[in-house]
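These are the residues of each chain, in order.
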Amino acid sequence: MINKQGLWFLTLTSLALVLSVYYITMPNELLLTNNGSVGITNKEEVDKVNKETTTIKESDIITSMRVELDEERNLLRDKLQNKLSDSKLTVDEKNEVYEDLRYLSETNTKESMLEKKIKDEFQLESFIKISDDTVSVVIKGSNHDKETAINIMKTIQQEFSEKMYISVSFKE
């Protein structure tokens, strides 16, 4: 028999699910507003708004790379957390999954710290991706100086105890 709390929980969960499906399947034109009125009836205005939201500036390359990496890592983190909660795994397998989660977190922290260090030392905006023994660095700027790239490589290598393969590229 379902008690009152269980019934309320199911009711509210069902309501949230129905509203989520409704808003996801709702056409974009209904979500846009025009001077306080609901919906846009003029097709040209809808096209104008869509063009404005889909245009990516060249200066946002670093940001888009960060977002893409964050999405990729979030998916991996979710998979690992689902594995961790699986009751069929042995203790050793769960320890491996936990170590993978810890490594992922440490990698994110290390990337952020290195980006901050490059910003402080070289006054350059950067994107850094660490995978195994490889560090990929993308620098935002038009100054494609070999000396700067070498100094960035040296600065990054100082943060690691083992030899890393570091690549530096410049994007305008």
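Before reading on, note that the structure itself is shown above.
Below you will find a few notes about this structure. All values derive from a computational prediction rather than experimental measurement. (Residues numbered from 1 in each chain as written. Predicted model: local features only at pLDDT ≥ 70, side-chain atom pairs only at ≥ 80, totals over all residues. Heavy atoms only, no water.)

### Here we look at the environment of Asp 132
Mapped onto the elements, Asp 132 comes out in the loop between β3 (125-131) and β4 (134-140). In the structure, Asp 132 is positioned 25 residues away from Thr 107 in sequence and 9.6 Å away in space, judged by C-alpha atoms. Residues contacting Asp 132, with those up to four places away along its chain left out, are Tyr 103 and Met 164. (Helix = DSSP H or I, 4+ residues; strand = E, 2+ residues; numbered from the N terminus. Contact = heavy atoms within 4.5 Å.)

### Regarding the packing of helix α5 (residues 91-122) against helix α6 (residues 146-157)
Running from N to C, α5 and α6 cross one another at 135°; their axes reach a closest spacing of 11 Å. One finds that α5 runs oblique with respect to α6. The element α5 and its partner α6 pack so that their crossing is right-handed. Contact with α5, carried on its side by Leu 114, Lys 117, Ile 118, Glu 121 and Phe 122, involves Asn 151, Ile 152, Thr 155 and Ile 156 of α6 and no other residues of that element. A breakdown of the residues in the contact of α5 with α6 according to their chemical character gives five nonpolar, two polar and two charged. (Axes fitted to C-alpha atoms, helices over the stretch in contact; angles between N-to-C directions. Parallel < 35°, antiparallel > 145°, perpendicular 65-115°, else oblique. Left-handed = near helix turned anticlockwise from the far one by under 90°. Nonpolar A, V, L, I, M, F, W, Y, C, P; charged D, E, K, R; others polar.)

### Considering the pattern of salt bridges
Opposite charge on two side chains makes pairing possible when the charged atoms of those side chains draw close. Tallying each qualifying case throughout the model produces seven salt bridges. Between Glu 115 and Arg 66 there is a salt bridge, and its shortest N-O distance comes to 3.3 Å. In this pair, Glu 115 sits in helix α5 while Arg 66 sits in helix α4 (residues 61-84), placing the two residues 49 residues apart along the sequence. Glu 115 sits in the buried class, given a relative accessible area of 14%. (Salt bridge = Lys/Arg side-chain N within 4 Å of Asp/Glu carboxyl O. Buried < 20%, exposed > 50% of the residue type's maximum accessible area, 1.4 Å probe, protein only.)

### As for unusual backbone geometry
In this structure, Gln 123 takes a positive phi of about 55° despite not being glycine. On the secondary structure map, Gln 123 appears in the loop between α5 and β3. Overall, the relative accessible area of 58% leaves Gln 123 in the exposed class. Although it is not a glycine, Asp 132 sits at a positive phi angle of roughly 55°.

### Digging into the environment of Ser 169
Relative to the helices and strands, Ser 169 is located in strand β5 (residues 165-171). On the basis of relative accessible area, Ser 169 is assigned to the partly exposed category, the value being 30%. Between the alpha carbons of Ser 169 and Ile 139 there is a distance of 6.1 Å; along the sequence they are 30 residues apart.

### Things to note about the sheet that holds β5
Read from one edge of the open sheet, three strands run β3-β4-β5, paired in mixed fashion. Looking at the sheet topology across the chains shown, the edges are occupied by β3 and β5. Strand after strand, the sheet turns through a mean of 15° between neighbouring axes, direction not considered. Examined bridge by bridge, β4 and β5 share seven bridges and lie parallel to one another. What sits directly across from Lys 140, in β5, is Lys 171. Each of β3 and β4 is contacted by α5, which is oriented at about 150° to β3, the strand it contacts most. Each of β3, β4 and β5 touches α6; the most contacted strand, β5, lies at about 140° to it. (Pairing = 2+ DSSP bridges.)

### Here we look at the pairing of β5
Judged by which residues are buried, β5 turns out to be one-sided: Ile 166, Val 168 and Phe 170 face inward and are buried, whereas Tyr 165, Ser 167, Ser 169 and Lys 171, on the alternate face, are not. For the handedness criterion, the β-α-β arrangement of β4, α6 and β5 is classed as right-handed. (Right-handed = clockwise from strand over helix to strand, strands pointing away.)

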